[in-house]
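# Descriptive structure summary
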Amino acid sequence: MSYNAIKKEDKEIYNLIKAEEKRQNKYNAELIASENFVSKAVLQAQGSILTNKYAEGYPSKRYYGGCQYIDQIENLAIERLKKLFNVKYVNVQPHSGSQANMAAIRSLINHGDVILGMSLDSGGHLTHGYKLSFSGQDYISYTYGVNKDTGLIDYDEVLKIAKEVKPKLIICGASAYPRKISFKKFKEIADEVGAYLMADIAHIAGLIATGFHESPVNYADIITSTTHKTLRGPRGGIIMTNNEEIAKKMNKMLFPGCQGGPLEHVIAAKAICFKEDLMPEYKTYIKQVILNAKAMSDEFIKLGYNIISGGTDNHLFLIDIKKSKNLTGLQAQELLENVNITCNKNSIPNDQEKPAYTSGLRIGTPALTTRGFKEKDFIKLAHLIDDTFNNKDNNEKLKDIKEEVIKLVKSHPLRYKY
Ligand code: DSN
């Protein structure tokens, strides 16, 4: 992209954008499971003049004049999102997944009520009840984890905990869980203890929209997601429900409860993303994301690595890097960064290391699949990662690995030219 005006007005920011653009596009293998590359159309909408407009409220019920085009844009985003997930009521205004979660929780329960969510080290999210998040501070929060031998959610155990702590709300969904989640089973548990069920599908939204994962739409009272992960849209959040009463509450809790003016430039970009996600090509893309994750995690298993739960059903997997290579997640992340491979350290079930170090590495395939990487490319990358760990003190070898990574990335230029 040219960024001519920025170049003229602010050389410092221009140079940094160009450097980051080069990092993303030209020589870096992106394996962060929550990142992706948006289309040029999504990027243009986010950089458009829509950023100038205040539009507090909702279509046809705004607190500002001049919203005739903004209303049409937001209505398009709403209608496309309803179609994508086959759901009755949606809110496209959350600035982020965390704000979507805050509004969703508030629309179901009161301050001080009991919530039950997945623990952070088992793959849950900060906003599912972590003590330093609003969700762990405004509510009495309990957690469920995964079985320490299988790495899988043990639904009997979740039910047992739910019966003990009697939550008003159960939160399911995760940021680092490599297997399928049974929303049906969570609904049965919620019904048994008289709790609401919230599904945070931020990571697997794309898999659900294309039918590669069970949908929570007929099970959860409320569903939240981000739009920038597997959905491959702009950075932002969404909330969905099939219940009219909950829909009214979620809208009020989001605005004016948690937010003021919506980011209409981002909402336009969300509308474009939903349109792209309704295309048959997107389904093909998600299918490849899953095939790639499986191929890569299988290769790591062949190379002798310990993979949490023994593999993956979705777009990501977790390596127990402490057990596999006697490295912390942080050491592994930094070693890989030196050879232009980007991923993130991640806590693993019952992690003995602090979150700043961790014993795990999280690897995801959505971004490189957007570049056109197939199974053989991910297998090659698995070997380059293994070579990096095996040669961590051999600078000459590390230099060669970096060259190989750059070659691999360059052989798959981004489909969308900036
Ligand atoms: N920070 C996100 C992730 O990386 O999974 C979750 O919101």
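Structure: see above.
As a starting point, this report considers the structure included with it. (Residues numbered from 1 in each chain as written. Predicted model: local features only at pLDDT ≥ 70, side-chain atom pairs only at ≥ 80, totals over all residues. Heavy atoms only, no water.)

Turning next to the overall build of the protein. A count of helices and strands for the protein gives 17 helices and 14 strands. In terms of overall dimensions, the protein is globule-like: its C-alpha atoms have a radius of gyration of 22 Å, near the 22 Å expected for 418 residues. Taken over the C-alpha atoms alone, the protein extends approximately 65 × 60 × 35 Å along its principal axes. A total of 418 residues make up the protein; the buried ones form 56% of that total. In the protein, the share of contacts with a sequence separation of at least 24, taken over all contacts with a separation of at least 6, comes to 72%. Only carbon and sulfur atoms are counted for the fraction: they give 50% of the accessible area of the protein, which is about 18600 Å². One way to put it: in the protein the 57 positive side-chain charges average out to a point 4 Å from where the 48 negative ones average out. (Helix = DSSP H or I, 4+ residues; strand = E, 2+ residues; numbered from the N terminus. Rg over C-alpha atoms; globule rule 2.2 N^0.38 Å. Buried < 20%, exposed > 50% of the residue type's maximum accessible area, 1.4 Å probe, protein only. Contact = heavy atoms within 4.5 Å. Areas by Shrake-Rupley, 256 points an atom, 1.4 Å probe, with all protein chains shown as cover. Lys, Arg positive; Asp, Glu negative; His and termini not counted. Charge placed at Lys NZ, Arg CZ, Asp CG, Glu CD.)

The subject of this paragraph is the packing of aromatic side chains. Within the structure shown, the criterion is met by 9 aromatic pairs. Taken together, the aromatic side chains of Tyr-58, Tyr-63 and Phe-255 make up a single cluster linked through ring pairs. One residue, Lys-283, lies across the ring of Phe-212, its end atom 5.9 Å from the ring centre. The lysine or arginine in question, Arg-371, covers the ring of Phe-37, its NZ or CZ lying 5.7 Å from the ring centre. (Phe/Tyr/Trp six-rings, centres within 6.5 Å; stacked < 30°, edge-to-face > 60°. Lys NZ or Arg CZ within 6 Å of the ring centre and 35° of its normal.)

With that out of the way, let us pick up the pairing of strand 7 (residues 169–172). In the case of a regular strand, side chains alternate between the two sheet surfaces. Taking every second residue as pointing to the same face, both faces of strand 7 are buried, with Leu-169 and Ile-171 on one and Ile-170 and Cys-172 on the other. Of the strand pairs in this sheet, strand 5 (residues 114–118) and strand 7 are connected by 2 bridges, and their pairing is parallel. Each bridged residue has a counterpart across the sheet, and for Leu-116 the counterpart in strand 7 is Ile-170. Both strand 7 and strand 8 (residues 196–200) contribute to a ladder of 4 bridges, which runs parallel. Residue pairing across strands places Ile-170 opposite Leu-197, the latter belonging to strand 8. (Pairing = 2+ DSSP bridges.)

Our next topic: the site of the ligand. The local shell around the ligand consists of Ser-34, His-125, Ser-175, His-203, Lys-229 and Arg-362. At a separation of 3.0 Å, an oxygen atom of the ligand approaches a polar side-chain atom of His-125. (Near = heavy atom within 4 Å. Polar contact = N/O pair within 3.5 Å; in protein donor to acceptor, adjacent residues only side chain to side chain.)

Below, the discussion takes up the pattern of salt bridges. A complete count under the given rule lists 20 salt bridges for this structure. It is possible to trace a salt-bridge network through shared partners that takes in Arg-62, Asp-71, Glu-74 and Glu-264. (Salt bridge = Lys/Arg side-chain N within 4 Å of Asp/Glu carboxyl O.)

With respect to topology, 7 strands assemble into an open sheet ordered 4-10-9-8-7-5-6, the strand pairing being mixed. A single partner strand is all that each edge strand has here, and the edge strands are strand 4 (89–91) and strand 6 (140–144). Taken over all neighbouring pairs, the strand axes of this sheet differ in orientation by 20 degrees on average, direction set aside. Where strand 8 meets strand 9 (residues 222–226), 3 bridges bridge the pair, whose relative direction is parallel. Opposite Asp-200, over in strand 9, you have Thr-224 as the bridge partner. Across the face of the sheet, helix 5 (residues 97–108) comes into contact with strand 7, strand 8, strand 9 and strand 10 (237–241) while running at roughly 170 degrees to strand 9. (Axes fitted to C-alpha atoms, helices over the stretch in contact; angles between N-to-C directions.)

Along the chain, the position of Lys-322 falls in helix 13 (residues 321–325). Separated by 192 residues in sequence, Lys-322 and Tyr-130 have C-alpha atoms that sit 24 Å apart.

Attention shifts here to the sheet that holds strand 11 (residues 316–320). The strand order across the open sheet built from 3 strands is 11-14-13, with neighbouring strands paired in antiparallel fashion. Sheet topology places strand 11 and strand 13 (344–346) at the edges, where each strand pairs with a single neighbour. Neighbouring strand axes in the sheet, compared pairwise and without regard to direction, differ in orientation by 40 degrees on average. Here 3 bridges tie strand 13 to strand 14 (residues 360–364), and the two strands are oriented antiparallel to one another. For Asn-346, the partnering residue across the bridge sits in strand 14 and is Gly-360.

In terms of nonpolar packing, the biggest core is built from 62 residues, with Phe-85, Val-92, Ile-153, Ile-170, Phe-186, Ile-201 and Met-240 touching the most fellow members. Listed in part, the 31 residues of the second largest apolar core include Ala-29, Leu-381, Phe-389 and Leu-398. (Core = buried A, V, L, I, M, F, W, Y, C linked by side-chain atoms within 4.5 Å.)

The next point concerns the side chain of Ser-135. With respect to the helices and strands, the residue Ser-135 is situated in helix 6 (residues 134–137). Polar side-chain contacts of Ser-135 include one of 3.1 Å to the backbone oxygen of Leu-126. At 2.9 Å, the side chain of Ser-135 forms a polar contact with the backbone nitrogen of Gly-129.

This paragraph deals with the packing of helix 16 (residues 375–390) against helix 17 (residues 395–410). Running from amino to carboxyl end, helix 16 crosses helix 17 at an angle of 165 degrees, the nearest separation of the two axes being 10 Å. The pairing of helix 16 with helix 17 is recorded here as roughly antiparallel in orientation. Helix 17 is crossed by helix 16, and the crossing has left-handed handedness. Where helix 16 approaches helix 17, its residues Asp-377, Lys-380, Leu-381, Leu-384, Asp-387 and Thr-388 are matched on the opposing element by Leu-398, Ile-401, Glu-404, Val-405 and Leu-408. Per-class residue counts for the contact of helix 16 with helix 17 are 6 nonpolar, 1 polar and 4 charged. (Parallel < 35°, antiparallel > 145°, perpendicular 65-115°, else oblique. Left-handed = near helix turned anticlockwise from the far one by under 90°. Nonpolar A, V, L, I, M, F, W, Y, C, P; charged D, E, K, R; others polar.)

Another point: a nonpolar patch on the surface. On the surface, a cluster of nonpolar side chains totalling about 380 Å² of accessible area is made up of Tyr-54, Tyr-63 and Tyr-64. Positionally, Tyr-63 belongs in the loop between strand 3 (61–62) and helix 4 (68–85). (Patch = residues over 30% accessible without salt bridge, like charges linked within 9 Å, V, L, I, M, F, W, Y side chains within 5 Å.)

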